[in-house]
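Listed below are the residues making up each chain.
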Amino acid sequence: MEKKYDVIVIGGGASGMMAAGRAAERGRRVLLLEKNSQLGMKLALTGGGRCNICNAQENHKILLKKYGSAERFLYSPFSQFGVKDTFDFFTGLGLPLKVEANQRAFPKTENATDVIRALERYMKKHGVTVQTNSKVDNFIVENNQIEGIKVDGRVISARTYILATGGKSHPETGSTGDGFLWLSKLGCKVAEPTPTIVPLAVQDKWIKKLAGVALDDAKITFFTDGKKAFSIKGRVLCTHFGISGPIILNSSGKVADLLYDGKVTAGIDLYPHIDLGKLDKHITAIFDENKNKALVNVIKSIVPPGTGPVILSLLPQIDPEKKVHSISKSERKQLVNLLKSLPLTITRLMGLERAVVVDGGLSIREVEARTMQSRKYNNLYVTGDLLHISRPSGGYSLQLCWTTAWVAGSNA
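Residues numbered from 1 in each chain as written. Predicted model: local features only at pLDDT ≥ 70, side-chain atom pairs only at ≥ 80, totals over all residues. Heavy atoms only, no water.

Asks: Can you help me understand the nonpolar core in this one?
Replies: Within soluble globular proteins, side chains that are nonpolar tend to cluster in buried spots. Counting 84 residues, the largest nonpolar core has Ile8, Leu43, Phe90, Ile149 and Trp402 as the members making the most contacts within it. If one sorts the elements of this core by residue count, helix α14 (residues 396-411) sits on top with nine residues. When residues no more than four places from it in sequence are discounted, the contact partners of Leu43 are Ala14, Met17, Cys51, Ala112, Val115, Ile116, Leu119, Leu398 and Trp402. Counting residues in hydrophobic clusters, the runner-up holds 49 residues, among them Phe222, Cys238, Ile302 and Val310. (Core = buried A, V, L, I, M, F, W, Y, C linked by side-chain atoms within 4.5 Å. Buried < 20%, exposed > 50% of the residue type's maximum accessible area, 1.4 Å probe, protein only. Helix = DSSP H or I, 4+ residues; strand = E, 2+ residues; numbered from the N terminus. Contact = heavy atoms within 4.5 Å.)

Shown next, in the form of structure tokens:
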């Protein structure tokens, strides 16, 4: 069978485009196959459309601890292409980055589409052939070698193959776990994918009425059957189904464990840096300054923007039109207690369709860390979300894609 290409990359997402461009940069004849009509559909959604392109932690020892048991495995790949390389790479493509809270890096344009366009320019510059609307049906294997792939009823072959189809998060973008299925059929050890970094669904209507509102610098404490489990601090994003935001996403695994044990409730503290007594004095002072105003108007000075009427609805015994000078000590105490623990009941974790990261994938024991080469098939390379590597949100997933794709593209 004539091999027209040196490398075929399957998957036109973040790692696929990076791997294809890198292999072509080395002078390889590269074909990139993408089943969607356009490249980077899931990449366009990352970071709320702003694209959290990486985490700016340049110390490998600190960074790699975020990848759990894969820490040692990733030392070699990250020594070849790390965080600084990511910054240099995208800046070189005319896309400078900026660093925000928690060292999350974004393109200065704050537009994920610009990241896709930069990668497309990279591939075009080095002569990558791109075919969209091309769904891979199967692999052809002979003597522990990938001899070809079936694409829409025809067979295409190459010397080497890079599998970069991504995991199962956001299946509406075409990320439906095809790579996991193919790897399993090839006899590789694949852990079943499950959503690990996902928002939380709640039964409370009040939080859903605040969809789109962020509760900055809050503390949320989780309880199982009324017993305190753990607390986290940071930004809580209210949604039409529950709560999200970085601290929620990164704690969803813990919450999943709690849900197995019993009923899970939570309390959101809007004033985590002061105790009940100091908060009571703070609110008393605000009331003294606004004695003749209605509570519904004064509450704006106490709670996050846009949340006042909804929070007051949790205190039905207090008339929101009541003048604050008529608010009793008991009523004020009820407000103080509420602001220190807005009540929630967690019903479940959202599914794959809302997942930021899905675990599962090819066991890293079956991958050569230095090259991303399969130990089972020496002309197959695997990248990004197809690898069974846990990581939090905050740029770590995309950095894993850039790093493993660069390494695969450098060796295929």
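That was the structure; now back to the text.
Asks: So what exactly am I meant to see when it comes to the layout of surface pockets here?
Replies: Over the atoms, a rolled probe matching the size of one water molecule traces out where space is still vacant. Taken as a whole, the second largest pocket spans an internal volume of roughly 230 Å³. Ser69, Ala191, Ser363, Ile364 and His388 are, among the 13 residues lining the second largest pocket, the residues nearest its centre. (1 Å grid on protein atoms, 1.4 Å probe; cavity = no way out; pocket = protein on both sides within 12 Å on 5 of 7 lines; lining within 4 Å. Points joined across faces, edges and corners; volume = space filled by probe spheres on them.)

Asks: Sorry if this is basic, but what is going on with the confidence of the model for the chain here?
Replies: Note: predicted coordinates in regions of low pLDDT should not be interpreted at a detailed level. On average, residues of the chain score 89 in pLDDT, and 93% of them reach the 70 mark or higher. Segment residues 168-175 is flagged for pLDDT under 50; beyond a separation of four residues in sequence, or across chains, it makes 34 contacts in the model. (pLDDT = per-residue confidence, 0-100.)

Asks: Help me understand the state of the cysteines, please; the structure alone is not making it clear to me.
Replies: Here is the idea: a disulfide is a covalent bond, and it sits between the sulfur atoms of two cysteines. A full pass over the atoms with the stated rule returns zero disulfides. In this structure Cys401 is a free cysteine whose sulfur lies 10 Å from that of Cys51, the closest cysteine sulfur available. (Disulfide = S-S within 2.5 Å.)

Asks: Explain the side chain of Ser252 here, please?
Replies: With respect to the helices, strands and loops of the structure, Ser252 is situated in helix α9 (residues 252-261). Look at Ser252 and you get buried, because its relative accessible area is 0%. A polar contact of 2.8 Å, which involves the side chain of Ser252, links it to the backbone oxygen of Leu249. (Polar contact = N/O pair within 3.5 Å; in protein donor to acceptor, adjacent residues only side chain to side chain.)

Asks: Sorry, what's going on with the sheet that holds strand β3 (residues 54-55) here?
Replies: Within a sheet, each strand pairs with its neighbour through backbone hydrogen bonds, oriented either parallel or antiparallel. With antiparallel pairing, the three strands of this open sheet are ordered in space as β3-β5-β4. On the outer flanks of this sheet lie β3 and β4 (97-99), each paired with one strand and no other. (Pairing = 2+ DSSP bridges.)

Asks: Honestly, the pairing of strand β18 (residues 342-349) in this entry has me stumped. Any pointers?
Replies: The two faces of a sheet get side chains in turn, since along a regular strand they alternate between them. Where strand β13 (residues 200-202) lies against β18, three bridges are found, and the strand directions are antiparallel. The residue of β18 that forms the bridge with Leu200 is Leu349. As paired strands, strand β17 (residues 264-269) and β18 are joined by five bridges and run antiparallel to one another. Bridge pairing in β18 links Thr265 to Thr345.

Asks: It is not clear to me how helix α6 (residues 178-185) should be interpreted in this structure. Could you clarify?
Replies: Given 3.6 residues to a turn, an α-helix orients residues that are three or four positions apart in the same direction. Turning to α6, its buried residues number three or more, namely Asp178, Gly179, Phe180, Trp182 and Leu183. Next to the buried residues of α6 lie β1 (5-10), β7 (136-142), β10 (158-163), β11 (190-191), β20 (361-362) and β23 (380-382). Gly187, located one to two residues past α6, shows a positive phi value of around 85°.

Asks: When you look at the sheet that holds strand β15 (residues 227-238) in this model, what are you seeing that I'm missing?
Replies: Taken in spatial order, the six strands line up as β13-β16-β15-β14-β17-β18 and close into a barrel, and their pairing is antiparallel. Across this sheet, the average inter-strand angle for adjacent strands is 45°, counted without regard to direction. Contacting β13, β14 (214-224), β15, β17 and β18, α9 runs over the sheet at an angle of about 85° to β18. Across the sheet, helix α13 (residues 329-340) lies against β17 and β18, angled at about 110° from β17, the strand it touches most. (Axes fitted to C-alpha atoms, helices over the stretch in contact; angles between N-to-C directions.)

Asks: Is there a simple way to think about unusual backbone geometry in this case?
Replies: Located in the positive-phi region is Cys51, a residue other than glycine, with phi close to 70°. Backbone geometry places Asp217, a non-glycine residue, at a positive phi of 55°. With respect to the helices, strands and loops of the structure, Asp217 is situated in strand β14.

Asks: What exactly am I supposed to notice about the environment of Tyr161 here?
Replies: With respect to the helices, strands and loops of the structure, Tyr161 is situated in strand β10. In this structure, Tyr161 is in contact with Ile8, Ile146, Glu147, Gly148, Ile149, Ile156, Asn379, Leu380 and Tyr381, ignoring residues within four places of it in sequence.

Asks: What should I look at first to understand the packing of helix α4 (residues 83-92) against α14 in this one?
Replies: Each pair of packed helices gets described by two things: the angle between the helix axes and the distance between those axes. In contact at an axis separation of 10 Å, α4 and α14 are set at 85° when each is read in the N-to-C sense. Our classification of the angle between α4 and α14 gives roughly perpendicular. On α14, the residues that touch Val83, Thr86, Phe89 and Phe90 of α4 are Gln399, Trp402 and Trp406. Of the residues belonging to the contact of α4 with α14, the class tally is five nonpolar, two polar and no charged. (Parallel < 35°, antiparallel > 145°, perpendicular 65-115°, else oblique. Nonpolar A, V, L, I, M, F, W, Y, C, P; charged D, E, K, R; others polar.)

Asks: Help me out: how do you make sense of α14 in this one?
Replies: The end-to-end C-alpha distance of α14 is 23 Å, a good match for the 22 Å that 16 residues give at a rise of 1.5 Å each. Of all the 16 residues making up α14, 15 are buried; the element is thus mostly covered by neighbouring parts of the structure. (Expected span 1.5 Å × (residues − 1).)

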